[in-house]
Amino acid sequence: MGEKVIPLADHRYAASIPRIPIQPAAPTGLLGDRLGRPLTDLRISVTDRCNFRCSYCMPKEVFDKQYNFLPHSSLLSFEEITRTARLFVAHGVRKLRLTGGEPLLRKNVERLIAMLAELRTPDGAPLDLTLTTNGSLLLRKAQALKDAGLQRVTVSLDALDDGIFRRMNDVDFPVAEVLDGIAQAQRVGLGPIKVNMVVKRGTNDHEIVPMARFFRENFGGGIVLRFIEYMDVGATNGWRMDEVLPSAQVVERISAEFPLEPLEAQLPGETAQRWRYHDGGGEVGVISSVTQAFCHDCNRARLSTEGKLFLCLFAHQGHDLRALLRGDFDDAQISAAIGEIWTGRDDRYSALRSALQADTGSGQRRVEMHYIGG
């Protein structure tokens, strides 16, 4: 009778229970992996659910009413998330990004934000605390998010044309409500705001220049628009290389209408290449994870909603931190386990893909975007 029943959804992706070092070493804040990459960013998925069914992430034919999402008991509690984040901060993490699924679907997520906002680096500095959202709930939640301590938001928006946007989100959600949410986020001070557009050739690539024009001319020009190459994340989005529009062509299209010049990266490990308009009308970014891999300086770890640590967006397997959090292990032991995981990291999927070596023949299923966050 007293046996613990683990839902089948928990076994969707393989995960090993991390080893606890015999003599746990105290964190120094200077972790490096096998390729010398530091750990500075932690992306935390707070739910595997979303109210959109975008074809490149959660196609409706897979994620239907019968899909087996994780039960609430499987999710990390806010206390467990905060405890884990605190341990990562001691190892050098300076930026926390809440993601999903759609993170604003997680009940009382503002309380989690308030808890994370209290964390400080070893030298007493506040963290960079941000959140990625599809914007559908932003109009009503922006003020509460700001009051809780969230600093800024990134909004996913794949088209301005309402018909295209409704088809891409596949739940008939209007683009006007997302734009209203962006305006509200700007009003309450959740900025600088970034807007991410996933570009899929033949689906929405004709929206590139209209998007650039719109965000140059609206919101006071203070929003950074970023274009993301359609990626081969997971196994359900039917990805094909011929649907990828290289970022170089995105820049060419925009620059033909609004001349651009390159900008230097602001921080090591930035995913976006930055460009600014010659006339001072702001900037745009391109994220070229297919055609120009940036694995060489990737500084991000990802925590799934039920506590599996993934070291790459394209990973096959995670590390089950929840087993440690709910086991008889103290902070020093879990911290040491995290340190050992990161120092053993050599993930570089995109670089191997670019070199035509990505298929390892393992037959393992890559983790889905909605589960791990972008």
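Residues numbered from 1 in each chain as written. Predicted model: local features only at pLDDT ≥ 70, side-chain atom pairs only at ≥ 80, totals over all residues. Heavy atoms only, no water.

> Any chance you could explain the overall build of the protein chain here in plain terms?
A tally of helices and strands in the protein chain yields 11 helices and 13 strands. Buried residues in the protein chain amount to 53% of all 374 residues. In the protein chain, 74% of the contacts between residues at least 6 apart in sequence involve partners at least 24 apart. (Helix = DSSP H or I, 4+ residues; strand = E, 2+ residues; numbered from the N terminus. Buried < 20%, exposed > 50% of the residue type's maximum accessible area, 1.4 Å probe, protein only. Contact = heavy atoms within 4.5 Å.)

> Would you explain the pairing of strand β4 (residues 128-133) in this entry?
By the criterion of burial, β4 is predominantly enclosed, with five of the six residues buried. In this fold, strand β3 (residues 95-99) hands off to helix α2 (residues 109-117), which returns the chain to β4; that crossover is right-handed. Summarising the sheet, β4 and strand β5 (residues 152-156) pair through four bridges and their orientation is parallel. Residue pairing for β5: T130 is matched across the bridge by R152. What joins β4 to β5 is helix α3 (residues 138-148), and the crossover it makes is right-handed. (Right-handed = clockwise from strand over helix to strand, strands pointing away. Pairing = 2+ DSSP bridges.)

> Help me out: how do you make sense of the packing of helix α6 (residues 208-217) against helix α7 (residues 247-257) in this one?
A pair of packed helices is captured by two measures, namely the crossing angle of their axes and the spacing between those axes. For the pair α6 and α7, interaxial distance at closest approach is 9 Å and the crossing angle is 55 degrees. In terms of their interaxial angle, α6 and α7 are classed as oblique. Our pair here, α6 against α7, has a crossing hand that is right-handed. Side by side, α6 and α7 meet where I208, V209, A212 and R213 of the first sit next to V250, R253, I254 and E257 of the second. Tallied by class, residues from the contact of α6 with α7 come to five nonpolar, no polar and three charged. (Axes fitted to C-alpha atoms, helices over the stretch in contact; angles between N-to-C directions. Parallel < 35°, antiparallel > 145°, perpendicular 65-115°, else oblique. Left-handed = near helix turned anticlockwise from the far one by under 90°. Nonpolar A, V, L, I, M, F, W, Y, C, P; charged D, E, K, R; others polar.)

> For this particular structure, what's the right way to read the side chain of E102?
Among the structural elements, E102 can be located in the loop between β3 and α2. K141 provides the closest opposite charge to the buried, salt-bridge-free E102, at an N-O distance of 8.7 Å. Filtering out sequence-adjacent residues up to four positions away, E102 remains in contact with T47, R49, C50, N51, T133, N134 and G135. (Lys, Arg positive; Asp, Glu negative; His and termini not counted. Salt bridge = Lys/Arg side-chain N within 4 Å of Asp/Glu carboxyl O.)

> Can you walk me through the nonpolar core in this structure?
One broad rule of soluble globular proteins: the nonpolar side chains tend to lie buried together. Formed by 95 residues in total, the largest nonpolar core has its most connected members in L96, L157, I182, F215 and F227. The next biggest cluster of nonpolar side chains, apart from the first, holds 10 residues, and it includes L70, L75, F310 and Y371. (Core = buried A, V, L, I, M, F, W, Y, C linked by side-chain atoms within 4.5 Å.)

> Mind showing me how you'd approach the side chain of E207 here?
Note that E207 resides in the loop between β6 (194-199) and α6. It is R213 that comes nearest to the buried, bridge-free E207 among opposite-charge side chains, at 8.7 Å. Of the polar contacts made by the side chain of E207, one reaches the backbone nitrogen of D161; its length is 2.8 Å. Once you skip the residues sitting within four places of it in the chain, E207 turns out to touch A159, L160, D161, I164 and M197. (Polar contact = N/O pair within 3.5 Å; in protein donor to acceptor, adjacent residues only side chain to side chain.)

> Would you take a moment to explain the confidence of the model for the protein chain for this structure?
The predicted coordinates of low-pLDDT regions are not to be read in fine detail. Taken residue by residue, the protein chain gives an average pLDDT of 88. The fraction at 70 or more is 88%. Every residue in residues 1-5 is under pLDDT 50, and counting partners more than four places away or in other chains gives zero contacts. Contacts for the low-pLDDT stretch residues 357-363, under 50 throughout, to residues beyond four places or in other chains number five contacts. (pLDDT = per-residue confidence, 0-100.)

> Help me understand the packing of aromatic side chains in this model?
How two aromatic rings sit relative to each other is set out by the distance from centre to centre and by the angle between their planes. If you walk through the whole model with that rule in mind, you get eight aromatic pairs. Judged by centre distance (5.3 Å) and plane angle (50 degrees), the rings of F52 and F173 are tilted. You can see F52 sitting in the loop between β2 (41-45) and α1 (78-90) and its partner F173 sitting in the loop between α4 (162-169) and α5 (175-188), a full 121 residues away along the chain. Residue F52 shares its accessibility class with F173, and that shared class is buried. Considering the side-chain rings of F214 and F219, the 6.0 Å spacing of their centres and the 70 degrees angle between planes classify their relative orientation as edge-to-face. Members of the aromatic cluster, joined through ring pairs, are F52, F165 and F173. (Phe/Tyr/Trp six-rings, centres within 6.5 Å; stacked < 30°, edge-to-face > 60°.)

> For this particular structure, what's the right way to read unusual backbone geometry?
The phi torsion of most residues other than glycine is negative, and most of the peptide bonds are trans. Cis geometry is found at the peptide bond from G100 to G101, where omega equals 15 degrees. Following the sequence through the fold, G101 ends up in the loop between β3 and α2. In this structure, P192 follows G191 across a cis peptide bond, with omega equal to 5 degrees. On the secondary structure map, P192 appears in the loop between α5 and β6. In the Ramachandran plot, N108 falls in the positive-phi region, its phi being about 60 degrees despite a non-glycine side chain. As for its placement among the helices and strands, N108 is situated in the loop between β3 and α2.

> For this particular structure, what's the right way to read the pattern of salt bridges?
This model, assessed by the stated rule, comprises 18 salt bridges. R166 is paired through a salt bridge with D172; the nearest N and O atoms lie 3.1 Å apart. For R166, a relative accessible area of 26% translates into the label partly exposed. Among the ionic pairs, R276 bridges to E261, the shortest N-O distance being 2.5 Å. Here R276 is found in strand β9 (residues 273-277), whereas its partner E261 is found in strand β8 (residues 260-262), with 15 residues between them in sequence. Look at E261 and you get partly exposed, because its relative accessible area is 23%. Three or more residues joined by partner-sharing salt bridges are found here, namely D33, R37 and R345.

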